[in-house]
Each structure stands twice: as structure tokens, then as C-alpha cells.
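Letter by letter, the chains look like this.
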Amino acid sequence: MIVDRTGALHDDLGRYTLTAGTEPGYDLTGSGGTPQFGDAEYDRQLGDLIGLALTPSAETLRGTPGPSPTAAEVDDYRQRLTAAENARREAEERLTAMFGSLDQAVVHLGRSVAYRAEKIAEITADEVRADWKDRTALADADKQRAQQDLQDFLHSPEFAWFVAPYEMADQLARRRAAATYRVDALTRQASDLERQVAQDGEHRADLAAHLAEVNAALRAAHRRADSDPDVRSAWRELAAAKQRQRARHQDYQDAYLAALSTSEAVAAGTDPTTQADLARLAFGYTAALKEVRDLGGTIELHPASQRAAVHAFGEAMAVFPTDWIAASNRRSDSEWVRQTPDGPVHVRSTAPQVHIKKTRAHYTDGTPTVHRTRVANIETRAGTDWDPNLVPGRNLSTVGGEYEWIAHEDTGSGTPRPTWRFRRYEVADPTPDGARPHGQGWRQYQTPDGSTVWRRAAYMTDRVQVVHSPQIVTNRQDAQVEGVSETYAVCVHEASHRFESTVPGITKVEQQFVTRRATRPGGVVNPLQPLYADGSDEAARRGGFVDPYVGKEYASGHREVLSMGMESLFGGNFGGLIGITNHRVDLEHRAFVLGALAGLGKRTANRRDTRP
């Protein structure tokens, strides 16, 4: 049985047989022109079947009873609901028989999508991984070579900047000393003459004349020393040598740092080529999914959301099914009734409020806020037996309440009956002085016999309303895929948690996937283990995942399988699940994500529901 996009049910899938195929995992092959593994039509039909198996039966019906249904309407709805549930169970049993479990059916569908996606992208995960390994080896070899060149330069006697300039400076000092020997001798002679002039008054004139001659000779010697071509040449040679060796050292150091940066970028998968390859695969995933179902749409967000965050989540919606976005929007500002031992509780959910912060990203359905309001005591009454003065087509005022005419309605008996909306009033006990009773809302009412009583509108038990205000906090990180923003990967991660809360079936197959992966030979399931050593209560099951965080479990029923997979496939984190950056290759996890996007949450009608 297959459910197609028009809602038709047929049995083409019954002709498929499980065979070992050339593609990863199992292959579904058929006869007589039936769709094959890797075909878009195959994915559409299998996705519709998975969507039917995982969607609550009530959501597949075309119509539901109104607020005041008749007995016939209720009976019709129950019959249609039973038929829809039988169809859902049949689909689940068929998928389980074919693939072993629903999550394995999702994985098989995802493998077919991935096969077609790689053809569209004209590159495979194996090719991307192999190219990355080649670039990593080349970049590492370039880094080692540049590092060795730098070391050779620093330790070379010919080029070491910390040896050659000092030797040259020593030679220059000896050369300058020879050139200025005469200057030094004349300087000492001038100093001796100055002392003699100061001490010998008798020969002062002769000494002063001699001193003047010596000083003139000293100035001439200075000029000759400073203009010595050997000295000038030596100084110029020293300065040029320092500049050359400083430049050589900078060149070697820059070459090493550039090679180191390239090596680190390739190893981390942040080099342009790796980012472009991951972007090609992401494009292929999106294009293949669009052949199966519509993607993208506008998600409703709370008016108090941060503007930049609204833009960021709008960007992320491009890779999610339109049906999922619609499911989130239906939950926003929706209200339903939950029966409790203390009476009915009205539950309402607002649109998610999104923000970009520097704190840890997270999603929460919001702390429930309880509101209590009084509800008027109003009921619908059919027939004229309630009061002898009731006349069809007219309103009636009585001491105990007000009758408001509605119409003749079929209440299930087959014959339309006159119907009124009755608003009940509370009547105060009479007092001798007729004083106004204590409390609010009391009004005087004159009875048909002319007497006056005090009455006020009656209210039922307080109406209890629980409001959920979902919150999504995202943050920024370096983009791992070409052409996306720094908030993209985190946004698709956190948006996945939102859809876990609004799209039926996601958490169910996530739980099956984790349990199956965490089951050891012999049927023993790996226990929950702490994720961190800081004493937090975060725990996960080990299942050979790309990161232990994938196996994390929440009390709410949420998981991390879809969210971690989405940020990997479309945000490039964790090596894209294909082994980049030495992360583990997990093509089954990739297939699960693509299969979930292709099949879960489809708004597919059930042909057994004959209501227009």
C-alpha cells in the first residue's frame, strides 16, 4: 500500500521485494515500471507511507465535528477515525515487516535521497572525504617543509642574523680605530696643553698659541676620519646586511606561518575548498528533497523576538519541509483542552520567541504560566420542556436565567428541535428589609407576580489556562559551509527542537534510532552515561555516533539525532557526517536526517476518509 500526494491509497508497494542492492543498505526493486531506489517518485511514495504510519489518525482526516456535533456527526467521525487508524497501523506493520522498524524505513528512504543528492551535486561523500585527506596531507607536508627551511636559516653561519652583523661590527671598530689614531693623539695633546696654560702664567701666551695649532690639527683629523671611505663603506655595508638578513628571516617566518595556517584550516575543514564541497553536498540534499516535497516557508515568531534572530531563523527555514513550518505555525497561539483529575485545563501556546546571545544555545517550550478566569454558566437547551413559557422563536427571561433563541437544530433524534442558549443567574435569599446582598454584580429583578429579587450572573468553576511561551536562543560560530551566515548551523539545530515539539513522529523514530544504535550484541542497551564531568545531569547513550551528544536524552522526549544531523549536513559541523576533520563517518545518521525530512509530518489525506 502506498499513499500518494493526492491522498490515494493503492497497493503498488506490495509488489516491491527486498533484495541486496548495489547502493548502501537495502534496495527496493520492482517490476513493470514501478519506481526504483534513487528515483524521486520512489521517495515520494515511500515518504507518504512513512508519514501515514507516524501521523496521528485524527490529523489525516479531512473534517472534524463542529463545536456542537450531533449524534450522527459523532458516529460518522468515529467510523472515519477507526478507518484512519486501521490504515495507519497497516502502514506501520508493512514498514516494520519490510525494514525491521520505522527508523530503519526512514534510514532507507534517506539513503535513496542521498544517492540522488550526490548525483545532483555531481560529487559524492567519498570523493569529498578523499579530496580533503589529500589536501590535508599536502598542507601538512608544506608546513613541515616551511618549518625546516626556517630552522635551517636560523642556524646557518652564513645567514644567521645574530652572528654576521656582530662580526662585521667588530671589523668596523678595528678599522675605525686605525683611521682615528691621529685624532686620539691630538686629543690627548690638547688636553695636556689646556692644563699647562692654566698653571704656567709665564709661558701662557706661547702655550695658548700652541694649543690653537693643536686644536686646528684635531679638527682636521676629525674631518679626515669621518670622511674615510673605508669607514663609510663599512657602516653602509653593516646597515645593508642587517636589512637583508631581517628581510630573509621575515620571509622564512611568513612562509611558515602561512603554511601553518593553511594546514590548520584544512584540518579543521574551514579552508575554501572544503567549505565549497560541503556546500555542494548541502545543495544536492536540498535539491533532492525538493523533488519529494516542498521546502521553506515563513515561520511565525513572537513579536518580542530580536530582529536579527528573526532574520537568522528565516534563513534556516529554507531546508525544512513546508509542512513542518505549517505545523509550528498551527501550534503558535493555538489552544486545546487537557482533562485532569481536577477538571479540564485549557492549554495555549504562543509563537516561539527567538534571540541571539553569547550564552549556550537552547530550545524550551517555556515555563507554563497558569491563568485562572471565571467563565459564565451558559448551556444549550433543546425542547420546550425546560419552562412552560418557552415559545420557539422568542427569548424568555426568568428569575433563574435568560433564554436566548438560537434555531431549530437536529440534536440526533432525526427531528429538528427548538433550541435556546441559557444563561444561568444566582438569586439571593430574600431579607425583611430587601437590602442589597454583599458582593459584586447584584441587580434587582422584577418577577411576573410583581415582587422584586436580587440576582446576578452565575459563573462556573474558574477556567484554568496554562500558557506555554517557547523560547529559542541561538549564538554565532564560524561558518563551516560556503555561503551561509555565522548563525546558520546553530539555527537549524535549535529549529529542529522546535519541530520535535510540533511534528508528530520525529521523537518516536529518534528514540528507535538511538536505542537500536545503542544496543550491543545480546540485546543489552547501553545505559545512560554522564556527558560531562562537572556534575550536570546531562546524560547520553553510547551508540558509535559522530559525537556522544547525539545520544543525549531529555525528560521531555526530545533527542539530539535530528538537530545534530541538521547542523552537520547543512552547517558543515562534525565533518558533515562524512568524515571531514577526522570525525567519524556516519552515513546512516545522514540517511536518517534526509529520510526524516523526506517523509515525516506530511499532511497526506487518507482515501479511506470519504468526507469531502
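Structure: above.
Given the structure is predicted, the values throughout are model-derived calculations rather than measurements.

**Concerning the overall build of the chain**
A tally of regular secondary structure across the chain gives 15 helices and 19 strands. Within the chain, the fraction of its 612 residues that count as buried is 45%. Within the chain, contacts between residues at least 6 apart in sequence are counted, and of these 69% link residues at least 24 apart. When the accessible surface of the chain is totalled, it reaches about 32000 Å², and 50% of it is carbon and sulfur.

**Some points on unusual backbone geometry**
Notably, Phe574 is not glycine yet its phi reads approximately 55°, a positive angle. Secondary-structure assignment places Phe574 in the loop between α14 (561-569) and α15 (587-599). The phi dihedral of Leu577 falls on the positive side, at around 65°, and the residue is not glycine. Checked against the element boundaries, Leu577 lands in the loop between α14 and α15. Under the relative-accessibility criterion, Leu577 is labelled buried at 0%.

**Side note on the nonpolar core**
In this structure, Ile50, Leu95, Phe320, Trp324, Phe499, Met566 and Phe570 are the most contacted members of the largest nonpolar core, which totals 86 residues. When residues in this core are grouped by element, the largest group, 9 residues, is from helix α3 (residues 102-121). Leave out the neighbours within four places in its chain, and Phe320 touches Leu295, Gly296, Ile325, Val492, Ala495, Ser496, Phe499, Met566 and Leu597. Counting residues in hydrophobic clusters, the runner-up holds 5 residues, among them Leu396, Tyr403, Trp420 and Phe422.

**Describing the layout of surface pockets**
Estimated volume of the largest pocket: approximately 520 Å³. Taken together, 22 residues make up the lining of the largest pocket; nearest its centre are Ala361, His493, Glu494, Tyr549 and Glu560. For the lining of the largest pocket, the element with the highest residue contribution is helix α12 (residues 488-502), accounting for 4 residues. Among the residues forming the lining of the largest pocket, the class breakdown is 7 nonpolar, 9 polar and 6 charged. Estimates place the volume of the second largest pocket at around 420 Å³.

**Digging into the environment of Glu379**
Note that Glu379 resides in strand β10 (residues 378-382). Note on Glu379: relative accessible area 27%, which makes it partly exposed. Once the C-alpha coordinates of Glu379 and Arg423 are considered, the two residues, 44 residues apart in sequence, prove to be 6.8 Å apart. Non-local contacts of Glu379, meaning those with residues more than four positions away in its chain, are made with Trp420, Arg421, Phe422 and Arg424. Here Arg424 takes part through its side chain, which lies 2.8 Å from a polar atom of the side chain of Glu379.

**A few points about the environment of Leu528**
Inspection of the secondary structure puts Leu528 in the loop between α13 (506-518) and β18 (529-530). Excluding residues that lie within four positions of it along the chain, Leu528 makes contacts with Ala539, Ala540, Arg541 and Glu553.

Here is what the cut-offs are and how they apply
- Residues numbered from 1 in each chain as written.
- Predicted model: local features only at pLDDT ≥ 70, side-chain atom pairs only at ≥ 80, totals over all residues.
- Heavy atoms only, no water.
- Helix = DSSP H or I, 4+ residues; strand = E, 2+ residues; numbered from the N terminus.
- Buried < 20%, exposed > 50% of the residue type's maximum accessible area, 1.4 Å probe, protein only.
- Contact = heavy atoms within 4.5 Å.
- Areas by Shrake-Rupley, 256 points an atom, 1.4 Å probe, with all protein chains shown as cover.
- Core = buried A, V, L, I, M, F, W, Y, C linked by side-chain atoms within 4.5 Å.
- 1 Å grid on protein atoms, 1.4 Å probe; cavity = no way out; pocket = protein on both sides within 12 Å on 5 of 7 lines; lining within 4 Å.
- Points joined across faces, edges and corners; volume = space filled by probe spheres on them.
- Nonpolar A, V, L, I, M, F, W, Y, C, P; charged D, E, K, R; others polar.
- Polar contact = N/O pair within 3.5 Å; in protein donor to acceptor, adjacent residues only side chain to side chain.

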